[in-house]
Amino acid sequence: MTRKDEKTVNKNSCGCLTDDLFDKKPNCENKKIIIDNDRLCNARNSDMEFFVDPDPEKVSLNFYQNRFTDGLPIIPPTTERVKRFLNSTFHNPEDVLAILPPKMGQATPEKIAINSVMAGCLPQFQPVLEHVIKAVSIDQFNLAGVNATTHPISICIIINGPLIDEIEMNTSVGCLAPSNIANATIGRALRLCLINIAGAIPGVGDHATHGSPAKYSYCFAENQKENPWEPLHVERGFNSHESTVTVMAAESPQNVNDHRSQSAEDLLDTIIHTATTAGCNNSHVPGELLIIMSPEHATTIKQGGWSKKDVQNYIHENSHLSSILADRGGRKLDEKNINNGQVRITRSPQDVVVVVAGGPGRHTMISHGFGGGSESVTIPIKLNNGFNPKSVDHHE
């Protein structure tokens, strides 16, 4: 028994309550030990190894002042928290998974875990973040250009496959909005990795003139259950039972509001007129265009007998504007892109990236890409033996 004047501490805690919240196996018996006031931290035998300032506000402010954050509060990346994340990786903590420009920082599981903890992720998100980092480091994505440009381009993360349900991602109502921990923190963790590993600090390694709210987090999963067509990863050659991550350089999404159109052509024309604007990056440098279609819009188009390829072909062929308006960007318009005084905003139907996500409502979201400066990348989420996991438990 403890005396009334004796302080107690949960023996599995390091002094911060969030440790108990993120503990995979919480101590239900809530066993207590007596605090020794001569020690810095009574949760562990070693003061020096596990002592952390117990004031999260002070830690967060210190990190902010050192430009380690995105401006929002962070969870202190204690040794214990980082170790929990590393329990969900099949790599060694010091393995170099990618080199991230412009700083050419080495992205290791340990560094990814530190930034994931700071972002508020759960440990089971670690394998997803590792694959996101691998994807953005692939040459065709051109992370150096994405980080260096004055254009307000962000990185959109799209998840497909069984892991969507495993980590409880939001595919439906408000999938691009606050509320879901996976959608919010996976996207935020990527941004923190870019700041702290790649060196993409605004004004230093990130030169976007205004930046973008999508740089805080732009991550969602496709609504495969209400998708009338094949999902993105199947379209790109993967099996439906595989889980994948797609990264795409994309602007903040813009709404397409069409509650009245009853035919596929009318609805797609609304989307095209919203997307085809002078001043968009695609107008003077044609490239990828992300279409996040609501299930209701997708169903209307499917009921008209249209396949996803039909949609991509139609948008590509009809999304064009005057070359006079198009030739006002940061790069002179390439003459080969001009046809009868018109310029298409995509290079081919494959540039039209169509996914289905969101809940009830006749809306579609569009995101212009980075022209020809970046190509989207889709990779499978796999273990080091090539096995494609159907559960996060396979990573442990």
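Residues numbered from 1 in each chain as written. Predicted model: local features only at pLDDT ≥ 70, side-chain atom pairs only at ≥ 80, totals over all residues. Heavy atoms only, no water.

## Some remarks on the overall build of the protein chain
And then number 1: Scanning the protein chain from terminus to terminus reveals 15 helices and 15 strands.
And then number 2: Taken over 396 residues, the protein chain has a buried fraction of 52%.
And then number 3: For the protein chain, long-range pairs separated by at least 24 residues make up 79% of all intrachain contacts whose partners lie at least 6 apart in sequence.
And then number 4: Looking at the protein chain as shown, the accessible area adds up to about 18,400 Å², and 50% of this sits on carbon and sulfur atoms. (Helix = DSSP H or I, 4+ residues; strand = E, 2+ residues; numbered from the N terminus. Buried < 20%, exposed > 50% of the residue type's maximum accessible area, 1.4 Å probe, protein only. Contact = heavy atoms within 4.5 Å. Areas by Shrake-Rupley, 256 points an atom, 1.4 Å probe, with all protein chains shown as cover.)

## Here we look at the side chain of Thr 300
And then number 1: Inspection of the secondary structure assignment puts Thr 300 in helix 13 (residues 295-303).
And then number 2: Discounting residues that sit within four places of it in the chain, Thr 300 has contacts with Ser 261, Gln 262, Leu 267 and Arg 362.

## Considering the nonpolar core
Soluble globular proteins tend to bury their nonpolar side chains together.
And then number 1: The biggest cluster of nonpolar side chains holds 56 residues, and the ones touching the most others in it are Leu 100, Phe 141, Ile 155, Ile 157, Ile 186 and Val 247.
And then number 2: Setting aside residues no more than four positions away along its own chain, Ile 186 makes contact with Cys 121, Phe 125, Val 128, Leu 129, Ile 157, Ile 167, Ile 181 and Cys 219.
And then number 3: If you look at the next biggest cluster of nonpolar residues, it comprises 25 residues, including Val 256, Ile 301, Ile 315 and Val 354. (Core = buried A, V, L, I, M, F, W, Y, C linked by side-chain atoms within 4.5 Å.)

## Looking at the sheet that holds strand 15 (residues 377-380)
And then number 1: Ordered by their spatial adjacency, four strands build an open sheet running 6-5-7-15, and the pairing between neighbours is mixed. Edge positions in the sheet fall to strand 6 (219-221) and strand 15, since each has one partner strand and no second. On average, each strand axis in the sheet is inclined to that of its neighbour by 20 degrees, with strand direction left out of account.
And then number 2: Note: strand 5 (residues 154-160) against strand 7 (residues 244-250), seven bridges, orientation antiparallel. What sits directly across from Cys 156, in strand 7, is Met 248.
And then number 3: Running over the sheet, helix 9 (residues 181-198) touches strand 5 and strand 6 and is turned about 135 degrees from strand 5. (Pairing = 2+ DSSP bridges. Axes fitted to C-alpha atoms, helices over the stretch in contact; angles between N-to-C directions.)

## With respect to the pairing of strand 13 (residues 352-356)
And then number 1: Burial within strand 13 is extensive, with five of its five residues counted as buried.
And then number 2: Burial of the side chains of strand 13 extends over both faces: Val 352, Val 354 and Val 356 are buried on one face and Val 353 and Val 355 on the other.

## Quick word on the environment of Met 293
And then number 1: Summarising the element assignment, Met 293 is placed in strand 9 (residues 289-293).
And then number 2: With 69 residues separating them along the chain, Met 293 and Arg 362 place their C-alpha atoms 8.9 Å apart.
And then number 3: Those residues within four positions of Met 293 in sequence are excluded, and the remaining contacts are Trp 229, Ile 271, Ala 298, Ile 301, Val 355, Val 356, Ala 357, His 363 and Thr 364.

## A few points about helix 4 (residues 79-86)
And then number 1: Within helix 4, six of the eight residues are buried, which leaves it mostly tucked inside the rest of the structure.
And then number 2: Three or more residues of helix 4 are buried, namely Glu 80, Arg 81, Val 82, Arg 84, Phe 85 and Leu 86.

## Brief notes about the packing of aromatic side chains
And then number 1: Under the counting rule described, the total for this entry stands at two aromatic pairs.
And then number 2: Between Phe 63 and Phe 68 the ring centres are 5.7 Å apart and the planes differ by 85 degrees, which places this aromatic pair in the edge-to-face class.
And then number 3: Residue classification places Phe 63 among the buried positions, given a relative accessible area of 18%.
And then number 4: Taken together, a centroid distance of 5.3 Å and an interplanar angle of 80 degrees make the contact between Trp 306 and Tyr 314 edge-to-face. (Phe/Tyr/Trp six-rings, centres within 6.5 Å; stacked < 30°, edge-to-face > 60°.)

## As for the pattern of salt bridges
And then number 1: Scanning the model with the defined rule gives seven salt bridges in all.
And then number 2: The closest approach of N and O atoms between Asp 206 and Lys 215, which form a salt bridge, is 2.7 Å. Each member of the pair Asp 206 and Lys 215 is classed as buried.
And then number 3: Among the charged side chains, a salt-bridge network with shared partners connects Arg 347, Asp 351 and Glu 375. (Salt bridge = Lys/Arg side-chain N within 4 Å of Asp/Glu carboxyl O.)

## Examining the pairing of strand 14 (residues 363-368)
And then number 1: As paired strands, strand 8 (residues 254-257) and strand 14 are joined by four bridges and run antiparallel to one another. For Asn 257, the partnering residue across the bridge sits in strand 14 and is His 363.
And then number 2: Note: strand 9 against strand 14, five bridges, orientation antiparallel. Within the sheet, the bridge partner assigned to Leu 289 lies in strand 14 and is His 368.

## Examining the sheet that holds strand 10 (residues 320-322)
And then number 1: Spatially, 10-12-11 is the arrangement adopted by the three strands of the open sheet, whose pairing is antiparallel. Among the strands making up the open sheet, the edge pair consists of strand 10 and strand 11 (338-339).
And then number 2: Of the pairings in the sheet, the one linking strand 11 to strand 12 (residues 342-344) comprises two bridges and is antiparallel in character. Bridge assignment links Ile 338 to a residue of strand 12, and that residue is Val 343.

## Things to note about the packing of helix 5 (residues 109-119) against helix 6 (residues 126-136)
And then number 1: Close contact between helix 5 and helix 6 brings their axes to 10 Å; oriented N to C, the two are set at 115 degrees. Regarding the angle of helix 5 to helix 6, the classification is roughly perpendicular. The interaxial crossing formed by helix 5 with helix 6 has right-handed handedness. Contacts between helix 5 and helix 6 involve Pro 109, Ile 112, Ala 113 and Ser 116 from the former and Gln 126, Leu 129, Glu 130 and Ile 133 from the latter.
And then number 2: Residues that form the contact of helix 5 with helix 6 fall into these classes: five nonpolar, two polar and one charged. (Parallel < 35°, antiparallel > 145°, perpendicular 65-115°, else oblique. Left-handed = near helix turned anticlockwise from the far one by under 90°. Nonpolar A, V, L, I, M, F, W, Y, C, P; charged D, E, K, R; others polar.)

## Some points on the confidence of the model for the protein chain
And then number 1: For the protein chain, the mean per-residue pLDDT works out to 87, and 83% of the residues sit at or above 70.
And then number 2: A low-confidence stretch, residues 1-44 stays under pLDDT 50, and its non-local contacts, those more than four residues away or across chains, total 58 contacts.
And then number 3: Scored below 50 in pLDDT, residues 46-51 shows 11 contacts in the model against residues more than four places distant or in partner chains. (pLDDT = per-residue confidence, 0-100.)

## A word on helix 11 (residues 264-275)
And then number 1: Taking 1.5 Å as the rise per residue, helix 11 with 12 residues should run 16 Å; its terminal C-alpha atoms sit 16 Å apart, in good agreement.
And then number 2: The complete set of buried residues in helix 11 reads Ala 264, Leu 267, Leu 268, Ile 271, Ile 272, Thr 274 and Ala 275. Buried residues along helix 11 cover an arc of 165 degrees about the axis, so they all sit on one side.
And then number 3: On its buried face, helix 11 sits against strand 8, strand 9, helix 13, helix 14 (308-318) and strand 14. (Expected span 1.5 Å × (residues − 1). Arc of directions from axis to C-beta.)

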